[in-house]
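An overview of the molecular structure
The chain contents come next:
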Amino acid sequence: MSNTPPDPLPGIGQIVQQYGLRAVKKLGQHFLFDLNLTHKMVQLSGIQSTDLVFEIGPGPGGLTRPLLAIAARVCVIETDPQFLKHLAELGPYFDTQLDIHIGDALRFDLDDLSQQQPYHVVANLPYNVGTALLVKWLTAKNPKWQSLTLMFQLEVAERITAKAGERPYGRLSILTAAMARAQIIMRVPASAFTPPPKVTSAVVHLTPLPPSNQYPDLEGLAHITGLAFGQRRKMLRASLKPLAAGLSMPVSDWLHQNNIAPTARPETLTPQQFMQLATSISTTGPRPPRRGPAFSSKTP
Ligand code: SAM
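What comes next concerns the included structure.

Cut-offs applied
- Residues numbered from 1 in each chain as written.
- Predicted model: local features only at pLDDT ≥ 70, side-chain atom pairs only at ≥ 80, totals over all residues.
- Heavy atoms only, no water.
- Axes fitted to C-alpha atoms, helices over the stretch in contact; angles between N-to-C directions.
- Helix = DSSP H or I, 4+ residues; strand = E, 2+ residues; numbered from the N terminus.
- Parallel < 35°, antiparallel > 145°, perpendicular 65-115°, else oblique.
- Contact = heavy atoms within 4.5 Å.
- Nonpolar A, V, L, I, M, F, W, Y, C, P; charged D, E, K, R; others polar.
- Buried < 20%, exposed > 50% of the residue type's maximum accessible area, 1.4 Å probe, protein only.
- Polar contact = N/O pair within 3.5 Å; in protein donor to acceptor, adjacent residues only side chain to side chain.
- Phe/Tyr/Trp six-rings, centres within 6.5 Å; stacked < 30°, edge-to-face > 60°.
- Pairing = 2+ DSSP bridges.
- Near = heavy atom within 4 Å.
- Areas by Shrake-Rupley, 256 points an atom, 1.4 Å probe, with all protein chains shown as cover.
- 1 Å grid on protein atoms, 1.4 Å probe; cavity = no way out; pocket = protein on both sides within 12 Å on 5 of 7 lines; lining within 4 Å.
- Sits in = over half its atoms within 2 Å of the grid points.
- Points joined across faces, edges and corners; volume = space filled by probe spheres on them.
- Core = buried A, V, L, I, M, F, W, Y, C linked by side-chain atoms within 4.5 Å.
- Domains from an automatic or database assignment.

**Overview of the packing of helix H7 (residues 154–161) against helix H8 (residues 171–179)**
H8 packs onto H7 with a crossing angle of 55° between their chain directions and a minimal axis gap of 6 Å. The angle between H7 and H8 falls in the class oblique. Across the interface between the two elements, Val156, Arg159 and Ile160 from H7 touch Leu172, Ser173 and Thr176 from H8. Here the contact of H7 with H8 is built from residues that sort into three nonpolar, two polar and one charged.

Listed below in structure tokens is the structure:
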């Protein structure tokens, strides 16, 4: 391949036509053709000219282009090889180094790929693996990511950023709050995508809490929130009953001891209160077998 790019770089819609690219539904393929929109997303991500950035699912490259225009190095991971040829041809248009990996992003360890250098992630995530990827990054040991700027369906974005008492508040909000600060920075209508999905999307920007403020026992937190939100309408004294085996007192007394009303429902407890409960149970005895569901796009 020549290092001199042909001029000018065609629009994304043209690229899709020229390369005969097809949106595969089961891979969550909804493409962004509007480069103004993707430029805005990259601007809001705060990426600087010295940064290493990972993009998951570059597809036809609508988000990859503004990343290449700004960052020092862009590393993309795409599961669908139909995009490989065009992505490889994008490189010579930019001074930025572009590394392309083909495979399932869930199987890649970004800390290893970055060789333990700090990095950022910017992605228009496929809906089917978006939550699993976020949980993987949140629960990584001493992660090297400095920010995550991720497009989700709006409903998931609201679950990630919800505060206690808000309707979408649940396990994902609590796990996120234990590790990071998160806010919705942009809403994107379905009409911005080709083909359009059924729902509105939103971009969430996450930055990690200082290491000393990150909650260390995420497995314990996942367990207790799994029990509590698995039976969201029940009072905590009932939904947390399975914990009794690991306690030296009735569940109601243990909740009282932690200044929590046994009749409270899970959505009224702050993330800090759940962390306090998880810490308290981990110091009082062995944990009964894990009952809470694993995190998925349907996680309450
Ligand atoms: N970034 C492009 C854009 O904004 O137009 C495409 C975004 S599209 C919502 C999601 C992309 O993720 C698709 O290119 C799809 O092939 C890719 N993808 C789906 N599952 C993946 C996985 N497990 N690992 C890596 N990429 C994946």
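Next, the rest of the story.
**Side note on the environment of Thr161**
The residue Thr161 is located in helix H7 in this model. Judged by its relative accessible area of 15%, Thr161 falls in the buried class. Look past the residues within four positions of Thr161 in its chain and what remains in contact with it is Ala182, Gln183, Ile184 and Val204. A polar contact of 2.9 Å, which involves the side chain of Thr161, links it to the backbone oxygen of Ala157.

**Here's the deal with the packing of aromatic side chains**
Aromatic ring pairs: the centre-centre distance and the angle between the two ring planes describe each pair. Under the defined criterion, the tally for this structure stands at four aromatic pairs. With a centroid separation of 5.7 Å and 85° between ring planes, the pair formed by Phe31 and Phe83 is classed as edge-to-face. Of this pair, Phe31 sits in strand E1 (residues 31–32) while Phe83 is found in the loop between strand E3 (73–78) and helix H4 (84–90), placing the two residues 52 residues apart along the sequence. Assessed through its relative accessible area of 8%, Phe31 is described here as buried. A relative accessible area of 1% places Phe83 in the buried class. Taking the centre distance of 5.7 Å and the plane angle of 40° together, the rings of Phe229 and Phe274 count as tilted. With Phe229 in helix H9 (residues 218–230) and Phe274 in helix H12 (residues 271–284), this pair connects stretches of sequence that are 45 residues apart. Judged on exposure class, the residue Phe229 and its partner Phe274 are both buried.

**Quick word on the sheet that holds strand E2 (residues 52–56)**
Judged by pairing direction, the sheet is mixed, and its seven strands sit side by side in the order E4-E3-E2-E5-E6-E9-E7 without closing on themselves. The outermost strands of the open sheet, each flanked by one partner alone, are strand E4 (97–102) and strand E7 (180–188). When the angles between neighbouring strand axes are averaged without regard to direction, this sheet yields 20°. Note: strand E5 (residues 119–124) against strand E6 (residues 145–153), six bridges, orientation parallel. From the neighbouring strand, Val122 faces E6, where its bridge partner is Thr149. In this fold helix H6 (residues 127–138) packs onto E2, E5, E6, E7 and strand E9 (201–208), with an angle of close to 160° to the strand it touches most, E6. Strands E7 and E9 of the sheet are contacted by H8, whose axis makes an angle of about 120° with E7.

**Here's the deal with the site of the ligand**
Around the ligand sit 22 residues, and of these Gln29, Leu32, Gly57, Glu78 and Asn124 come closest. With respect to the ligand, the backbone of Pro58 contributes an N or O atom lying 3.4 Å from a nitrogen atom. With respect to the ligand, the backbone of Gly59 contributes an N or O atom lying 3.5 Å from an oxygen atom. Burial of the ligand by the surrounding chains reaches 98%, relative to a free accessible area of 590 Å². With respect to the pocket detection grid, the ligand is positioned in the largest pocket. Counting only elements with at least two residues in the shell around the ligand, the list comes to E1, E2 and E3. When the residues that make up the shell around the ligand are grouped by side-chain class, the tally is 10 nonpolar, eight polar and four charged.

**Describing the layout of surface pockets**
As a volume, the largest pocket reaches approximately 460 Å³. Forming the boundary of the largest pocket are 31 residues, of which Leu27, Gly57, Glu78, Asn124 and Pro126 lie nearest the centre. Among the secondary structure elements, those contributing two or more residues to the lining of the largest pocket are E1, E2, E3 and H6. At four residues, H6 tops the list of elements feeding residues into the lining of the largest pocket.

**A short note on the nonpolar core**
Counting 58 residues, the largest nonpolar core has Trp137, Leu150, Leu240 and Trp254 as the members making the most contacts within it. Counting residues per element, this core draws most heavily on H9, at six residues. Counting the residues that make up this core, at least three belong to each of domain 1 (12–213) and domain 2 (218–284). Those residues within four positions of Leu240 in sequence are excluded, and the remaining contacts are Ile224, Leu227, Ala228, Val251, Trp254, Leu255 and Leu277. Judged by nonpolar contacts, the second largest core, of 29 residues, contains Val53, Phe83, Leu87 and Ala192.

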